[in-house]
Each structure stands twice: as structure tokens, then as C-alpha cells.
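Here's the letter readout for the chains.
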There are 2 protein chains.
Amino acid sequence: LEKALACGAVDEVSLDLEETVHQADTAVFCTPVDLLAEQILSVAPSCNPGTLLTDAGSTKSDLVRRLAKTKFPAGVAFVGSHPLAGSEKRGVEHADPDLFIGRVTVVTKTADTEPAAVEKVTTFWQSLGSRVIIMDPDEHDRALAFTSHLPHLVAAALVDVLTPDLIPLTATGFRDTTRVAAGDPSIWTGIFLQNRDAVLAGLERLSENLDRFRQALDSSDRSAIDQLLSHAKKVREGLDQ
Amino acid sequence: LEKALACGAVDEVSLDLEETVHQADTAVFCTPVDLLAEQILSVAPSCNPGTLLTDAGSTKSDLVRRLAKTKFPAGVAFVGSHPLAGSEKRGVEHADPDLFIGRVTVVTKTADTEPAAVEKVTTFWQSLGSRVIIMDPDEHDRALAFTSHLPHLVAAALVDVLTPDLIPLTATGFRDTTRVAAGDPSIWTGIFLQNRDAVLAGLERLSENLDRFRQALDSSDRSAIDQLLSHAKKVREGLDQ
């Protein structure tokens, strides 16, 4: 907290969560996903009317479902958020005031969510430069299992094929492909547990794709390998457009 | 070729391979790996004594073995090279005069390789700023299967889980993890075919690692997931030191 103050990343710091949120108009909870519900529930009763509570967690379904069961004080609302921005690095020394510019933030909406609160959260993220996509939390979790959680798992599984003698023979390809595996396990373990079924479904789909490569290699099928690589290249290039 | 001349990447161009190599002291062949042997064999007879032939291919075993069977003219030598540098981009507009600075180049050596030629090739890559590692070609191919060819295959298999609706929900994690999948299939198909067995062995090892994740997820085993991620983080961070 002292470092964050010193570098100007924040104006004030406090260790008293309840008192801090009591003073806030908008509070964004940024703890690991498996701690979010408990923390938000602990402060909600002492919030002033008009307080908006949101978060920055990578899974949404469990959190939104748990908080939907709770009666918040009048005028206090929770809406789930997930800004798709950040890196594998941790600590205020890696903070970036432009982090959200041009990046997508998912804001969750269910039958229970107050439309005015969704609008307020949307405006909040847009004010930081983010593009907002409104989604159902279950749909969010199924999508992010494929676009974020599976890549993390794959990067971790890939980096673990490395023995010390191979390290000098890694180049940018290996490093890029495995970069996210340096992410904090205390954050990622919670994400995997909360989104277990969708991640397992993603893993199943990946295994099918790997099997196609295995079969093509096994039979030295030039045309099949070329087709698999050409399709992947086309999809990958689509991401940069 | 006209673009390469215009931007100053080269001093001269030619479409006559034999005549060009005849005039050269050192010739570096940079075609896809499955064309290298044929091209080098086609020009070797007309080389002047003292000519050094090398290449920049990602597989070495097949090439070095094939060329070792050939009687080159007196004073003409071939030594295999693999600079571990480059990107998924293609074309002279992506050329970089500093590409090799600080990067590893593997130079191959077997019982048949002339020590003087190894030394000359080593000096050549060092003059471009590269660090040279001398290796047996089979050993090179087994290592690169894990550090380069497997990551490419995994990136391609991963990018193929993407359906169009998921594209807006990809962030830097997905993009980095799959970046190499945009590489040219006409280069990579040859690499996979030439290094088939070692790549299949890498795929087997990766599948074991993925299975460990699958089992840990299946049983919602927090401690097992945390251990897998923590180990991966440690290995990944070791690459940046």
C-alpha cells in the first residue's frame, strides 16, 4: 500500500474494508474469485444507499448466483464485471493507467439485475476507456473457459514438458506460448475450481484437436497436416483484424 | 526481390541459384526444410573450393544425414545451422538487422563434419551477434520438438477451439498463447514431417501433463491444481532469468 501511495497509483489506502466501502460511491473488489462473495457480503449491510458494488473477477456465474440470493440494503446494488485486461505480473509496480483503453469488459446481467445498476457499471468501465459487453454470467463463464482459462491450463501443461537442459533452446515461440503460466496460482486455482465443468469441456475439445494432429503425424499425411495448420493460421489471423 | 533491394535489405538479387552460389564464399539456404537437401545438392558440384554451405532450417537430422552421404568437391563443406530467431511473419518488410543479436544459433556437428567448417560457420553467426551452441543433429531435433515444434502444434490446436462468437472475448492471454499459429504452413508442414517421431513423443508428454490437470479438476482437488500451477509458474519464471 505504501508503494501504491508513493507512486501515485492511489490517493488513499486503508485496511478497514467496511469503513472504506461505507465511504465509497462505487467499490470494485479485486481479490481472488473464491474470496469475492464473502467480502462483498460482509460489507453490503453497512453500505450507504446509492452504493454500487462490482468486481474484476475472471469467473462470474458462482458469484452472481450467490449474491442474487442476498437481500442488499435499499439502493445498494451488485453487478458483476470482468475486465479482459491485465498480465501475468503482480504488484503496483506493474500498474498501468491505460490498462483498460480499448479492452473489453464483460458486465453481467440476469433477470435479477437492476437495469440502472448495469448502466452505472457500464459507464464506469467506459470512463476508463473500456468497451463493455453485457452477458449472462453462465454464458460468460462458458466463453472464458475457452478464451482464457483453457489457454492458461495449456500454457502450464506445456511449460512442464521443459527439462533444464532444454532451457537454452527455447526462443520467443516457447516463451510467448507459455507466458501466462507465470500467473499467480492463488488467483488461478480459484478460477479453475469455479469454472471446472466448462474448463473440462474446453480440455475435451482441445484433446480432439490434438488427436487430429496426432493422427495426421502418425500417418505422415502431408495434406492433413497442411490443412490443420492452414485452418489454424486463418483463425489466428482473424484475431488481429 | 525488388522490395528487398529497395529497402536496402540486400545489395544484389538473382534468380540463378547455381551462378549465385558459385560466386559466394558463404551461402545460407533459407528455404523450407524439405527443399534444402535438394537445393544444396544441386549447387554443390559447381562451388569454388573454400565455399561454405549452411542453412537456417528448423530440423537438422534428415538434412545433415542426407548431405553426409554426398561427396562434395574438394574444399567445399556443408554444416547445418538453426538460428533460433524469427517470427510468424513473412516477407522482407519484417526483416530486422538485429534479429540475431543475443539469440542462440545451433550449429551441427557429427563425426563426419570438418572441424574447420564448424569453426567458420560459428564465426559467421557470431559476427551477426548470435550465441552459438554446437550439437549433434539428432539431439537438436529431439530438443526442438519440445521447445519449438510442440508449442506450434499446441497453439494451432488451441486456436481451433475458437468459434466466431468467442473472438470478441479473447484477450492478450489467448493471443500470446496462439501467436505462432499464424506461421506459414508451407514451412511448418515440412518441419513436422521431418521431425515426426520426436514431435509425437512431445505430444505424448503434453497429454500426460494435460491428464494431470484433468484429474485434478475432475476431483476439484484444490491442492493438486495449486501444485500443478505453482510448478509451471516456477519453470516459466526460470526462462526469464
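Scroll up for the structure.
Parameters and conventions
- Residues numbered from 1 in each chain as written.
- Chains lettered and ligands numbered in written order.
- Predicted model: local features only at pLDDT ≥ 70, side-chain atom pairs only at ≥ 80, totals over all residues.
- Heavy atoms only, no water.
- Helix = DSSP H or I, 4+ residues; strand = E, 2+ residues; numbered from the N terminus.
- Contact = heavy atoms within 4.5 Å.
- Buried area = accessible area lost by both parts, 1.4 Å probe.
- Salt bridge = Lys/Arg side-chain N within 4 Å of Asp/Glu carboxyl O.
- Polar contact = N/O pair within 3.5 Å; in protein donor to acceptor, adjacent residues only side chain to side chain.
- Nonpolar A, V, L, I, M, F, W, Y, C, P; charged D, E, K, R; others polar.
- Phe/Tyr/Trp six-rings, centres within 6.5 Å; stacked < 30°, edge-to-face > 60°.
- Buried < 20%, exposed > 50% of the residue type's maximum accessible area, 1.4 Å probe, protein only.
- Pairing = 2+ DSSP bridges.
- Axes fitted to C-alpha atoms, helices over the stretch in contact; angles between N-to-C directions.
- Least-squares fit on C-alpha atoms with pLDDT ≥ 70 in both.
- Patch = residues over 30% accessible without salt bridge, like charges linked within 9 Å, V, L, I, M, F, W, Y side chains within 5 Å.
- Areas by Shrake-Rupley, 256 points an atom, 1.4 Å probe, with all protein chains shown as cover.

J.: Just checking my understanding: could you explain the environment of P137 of chain A for this structure?
T.: As for its position among the elements, P137 of chain A is in helix α6 (residues 137–159). Excluding its chain neighbours within four sequence positions, the residues that come into contact with P137 of chain A are K60, S61, V64, T108, K109 and T110 of chain A.

J.: Teacher, can you tell me more about the interface of chain B and chain A here?
T.: Put simply, an interface is often sized by how much accessible area is lost when its parts join up. Residue-level contacts link 80 residues of chain B with 80 residues of chain A. Among the residues of chain B in contact with chain A, L169, R236 and L239 of chain B are the three that bury the most area, contributing 10% of the side total. Along the contact surface separating chain B from chain A lie six salt bridges. Summed over the shared surface of chain B and chain A, the result is 29 residue pairs in polar contact (both at pLDDT 80 or more). Looking at the side of chain B that touches chain A, the elements that each hand over two or more residues are β5 (104–108), β6 (131–135), α6 (137–159), α7 (172–178), α8 (185–194), α9 (196–218) and α10 (222–238) of chain B. No other element matches α9 of chain B, which puts 14 residues into the side of chain B that touches chain A. The residue inventory of the side of chain B that touches chain A, partitioned by class, reads 44 nonpolar, 18 polar and 18 charged.

J.: Where do I start with the packing of aromatic side chains in this structure?
T.: Aromatic rings considered in pairs are described by the distance between their centres and by the relative angle of their planes. The tally for this structure, following the rule as stated, stands at six aromatic pairs over all chains. Measuring from centroid to centroid gives 5.9 Å for W188 of chain A and F192 of chain A, while their planes differ by 45°, and the two rings are tilted. Residue W188 of chain A and its partner F192 of chain A are both found in helix α8 (residues 185–194); the two are separated by four residues, about one turn of the helix. Exposure remark for F192 of chain A: the relative accessible area of 1% places this residue in the buried category. Aromatic pair F100 of chain B and W125 of chain B: ring centres 5.4 Å apart, planes at 70°, arrangement edge-to-face. A residue pair is termed long-range when its members are at least 10 positions apart, and F100 of chain B in the loop between β4 (81–83) and β5 and W125 of chain B in helix α5 (residues 115–127) qualify at 25 residues. When sorted by exposure, F100 of chain B lands in the same class as W125 of chain B, which is buried. An aromatic cluster of three or more residues is present, and its members are F100, F124 and W125 of chain A.

J.: It is not clear to me how the sheet that holds strand β3 (residues 77–78) of chain B should be interpreted in this structure. Could you clarify?
T.: All names here are of chain B. Pairing is parallel in the open sheet, where three strands are placed in the order β1-β2-β3. Across the chains shown, the open sheet's two edge strands, defined by having one partner strand only, are β1 (26–29) and β3. Across the sheet, α5 is in contact with β1, β2 (52–55) and β3; its angle to β2 comes to roughly 60°.

J.: Help me understand the relation of the copies chain B and chain A in this model?
T.: Look at the two chain copies: a rotation about an axis and a shift along it is all it takes to match them. By a simple turn and slide, chain B fits onto chain A: the slide is 0.0 Å along the axis, the RMSD is 0.0 Å, and the turn is 180°. Both copies of the chain, as the preceding transformation shows, are related through a two-fold rotation axis. Distance from the rotation axis, computed per C-alpha, reaches its smallest value in chain B at T177 of chain B: 1.9 Å. With an isologous cut-off of 70% or more, the 100% of interface residues of chain B that recur at the interface of chain A puts this contact in the isologous class.

J.: Please clarify how the pattern of salt bridges should be interpreted in this entry.
T.: Two side chains that carry opposite charge are able to pair once their charged atoms sit near each other. Tallying each qualifying case throughout the model produces 24 salt bridges over all chains. For D34 of chain B, the salt bridge identified is with R222 of chain A, shortest N-O distance 3.0 Å. Here the residue D34 of chain B occupies a position in helix α3 (residues 33–43), and R222 of chain A occupies one in helix α10 (residues 222–238), the pair thus bridging two chains. What makes D34 of chain B partly exposed here is its relative accessible area of 25%.

J.: Even after reading the chapter, I still don't get the sheet that holds β5 of chain B, so can you show me in this structure?
T.: Within a sheet, neighbouring strands are paired by backbone hydrogen bonds and run either parallel or antiparallel to one another. Residues and elements named next belong to chain B. Here we have three strands laid out as an open sheet, ordered β4-β5-β6, and mixed in their pairing. At either margin of the open sheet sits one strand with a lone partner, and together these are β4 and β6. For this sheet, the mean inter-axis angle between neighbouring strands, taken without regard to orientation, is 20°. As judged from the three bridges shared by β4 and β5, these two strands associate in the antiparallel manner. The residue of β5 that forms the bridge with H82 is V106. In the packing of α5 onto the sheet, the strands contacted are β4, β5 and β6, and the crossing angle to β5 comes to about 165°.

J.: Even after reading the chapter, I still don't get a nonpolar patch on the surface, so can you show me in this structure?
T.: Where nonpolar side chains cluster on the molecular surface, the patch consists of L1, L5, V10, V13 and L15 of chain A and spans about 470 Å² of accessible area. Structurally, the position occupied by V13 of chain A is in the loop between α1 (2–6) and α2 (17–23).

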